Amino acid sequence: MMAASYPTGGPMGATDPTLSLNEAWQALLHAAHPDGEATAIADLNLSPAGWQAKCSLSPQARDLLDCLLPLATWTGRLAVAQLGQSLDGRIATESGHSHFINGPESLVHLHRLRALVDAVVVGAGTASEDDPRLTVRHVGGPQPIRVILDPRGRVAPDRLLLCDPEAPTLHLHGEGAQPKGRASAHVQRLALPVVDGAFAPAGVLDALAGRGLERVLIEGGGITVSRFLEAGVLHRLHLLMAPLLIGSGRPGLVMTPIDTLHEARRPPSRTFRCGDDTLFDLALEAAAP
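The model shown is predicted, which means the values in this text are computed figures rather than measured ones.

Undergrad: How should I be thinking about the overall build of the protein in this particular structure?
TA: Within the protein one finds seven helices and 16 strands. Expressed along its principal axes, the backbone C-alpha trace of the protein runs to roughly 65 × 45 × 35 Å. Within the span of the protein, comprising 289 residues, buried residues form 48% of the whole. The contacts in the protein between residues at least 6 apart in sequence include a share of 70% that link residues at least 24 apart. Accessible area for the protein stands at about 13,700 Å²; split by element, carbon and sulfur atoms hold 54% of it. For the protein, the separation between the mean place of its 24 positive charges and that of its 30 negative charges on side chains is 4 Å.

As structure tokens, this is what we get:
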């Protein structure tokens, strides 16, 4: 991954030993989960204001720190969302085929996002159709709690999140909606109020925070990410744009129509190379919890 805007690193000596990409990743993990198993790197100091190194870093390590420092050092509750899409804003074809719009480097980036949070959230459609595992198998790091938003209790018990015990799963269903089948040992169920057929995004984040899950990744799909974005509860949004034109299919973000561009949101942004893809890191002004 290559940074394309305002790096945050400090000066380095040309003869100093070089810190590796893995050491930079360990430092980010330690900042995000200080009580976890990640190793603190003595020659690297991370803070919300930036990073400082006592020796040189590889270009890959510098780029990784520049990109993920805001998430790793975030204090308090954090809600970040990510979407992978084509240049024309599609996350799947009309038939729902989406494997893979983005390249392998973007997949690694996604797994790093998962490792930096406490919980990763998907909607019932993504859980059912994409059948994801939501693990960090492409990077080292802790497994987040996997969360399914299932207001109608329609996700089948044979989906991986409900039958694969690789990581714990929290199945959020609507009050009065009985999920299908019996919950496996790694699955906990929690009923939440439903308004107009969906959970209130702020209510979901409150429920997760109440269980000690304060750092949350909203991974998909597009409808779920759009609801959290429109509700004003997101702090960051990572959009991974692939050099691909689909021309039709399912859009990424779908929000309430506006009349003029003056009403459009123009959040501060940074861009990074992620293999052949481009990552847009958008800083949002989330409503206070």
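Undergrad: Looking at this model, I keep getting lost on unusual backbone geometry. Mind explaining?
TA: Trans peptide bonds make up the majority, and among non-glycine residues the majority have a negative phi. For the bond running from G220 to G221, omega is -5°, close enough to zero to count as cis. Mapped onto the fold, G221 is located in the loop between strand 12 (215–220) and helix 7 (222–230). Even without glycine at this site, D131 takes up a positive phi of about 50°. Relative to the assigned elements, D131 resides in the loop between helix 4 (124–129) and strand 9 (145–150). Even without a glycine there, the phi angle at D196 is positive, about 55°. Relative to the elements of secondary structure, D196 occurs in the loop between strand 11 (187–192) and helix 6 (201–209). On the basis of relative accessibility, which here comes to 81%, the residue D196 falls in the exposed class.

Undergrad: Is there a simple way to think about the pattern of salt bridges in this case?
TA: It is possible for side chains bearing opposite charge to pair when their charged atoms get close. With the rule as written, the count across this model stands at eight salt bridges. The partner of E219 in a salt bridge is R114, with the nearest N and O atoms 2.6 Å apart. Of the two residues, E219 sits in strand 12 while R114 sits in helix 3 (residues 104–116), which places them 105 residues apart along the sequence. Just as E219 is buried, R114 falls in that class too. When the shortest N-O distance is used, the salt bridge between R159 and D131 registers 3.6 Å. Taken together, the residues R159 in the loop between strand 9 and helix 5 (160–163) and D131 in the loop between helix 4 and strand 9 connect sequence positions 28 residues apart.

Undergrad: Explain empty space enclosed by the protein to me, please; I cannot follow it from the model alone.
TA: The gaps of empty space that remain are located by a probe, the size of a water molecule, rolled over the atoms. The final tally for this structure, using the stated rule, is one cavity of 30 Å³ or more. The calculated volume of the largest cavity comes to roughly 40 Å³. In this structure, the largest cavity is lined by P157, L162, H171, K180, R182, A183, S184, V187 and R189. When the residues that make up the lining of the largest cavity are grouped by side-chain class, the tally is four nonpolar, two polar and three charged.

Undergrad: Any chance you could explain the nonpolar core here in plain terms?
TA: General note: in soluble globular proteins, nonpolar side chains tend to be found buried as a group. Of all hydrophobic cores here, the largest spans 47 residues; its most connected members are W25, L44 and L68. It is helix 2 (residues 59–72) that contributes the most residues to this core, eight residues altogether. Discounting chain neighbours no more than four positions away, the residues touching L44 are L19, A24, A27, W51, Q52, A53, L57 and L65. Core analysis: the next-biggest nonpolar cluster, separate from the first, contains 28 residues, V121, F199, A207 and F228 among them.

Conventions and cut-offs
Residues numbered from 1 in each chain as written. Predicted model: local features only at pLDDT ≥ 70, side-chain atom pairs only at ≥ 80, totals over all residues. Heavy atoms only, no water. Helix = DSSP H or I, 4+ residues; strand = E, 2+ residues; numbered from the N terminus. Buried < 20%, exposed > 50% of the residue type's maximum accessible area, 1.4 Å probe, protein only. Contact = heavy atoms within 4.5 Å. Areas by Shrake-Rupley, 256 points an atom, 1.4 Å probe, with all protein chains shown as cover. Lys, Arg positive; Asp, Glu negative; His and termini not counted. Charge placed at Lys NZ, Arg CZ, Asp CG, Glu CD. Salt bridge = Lys/Arg side-chain N within 4 Å of Asp/Glu carboxyl O. 1 Å grid on protein atoms, 1.4 Å probe; cavity = no way out; pocket = protein on both sides within 12 Å on 5 of 7 lines; lining within 4 Å. Points joined across faces, edges and corners; volume = space filled by probe spheres on them. Nonpolar A, V, L, I, M, F, W, Y, C, P; charged D, E, K, R; others polar. Core = buried A, V, L, I, M, F, W, Y, C linked by side-chain atoms within 4.5 Å.

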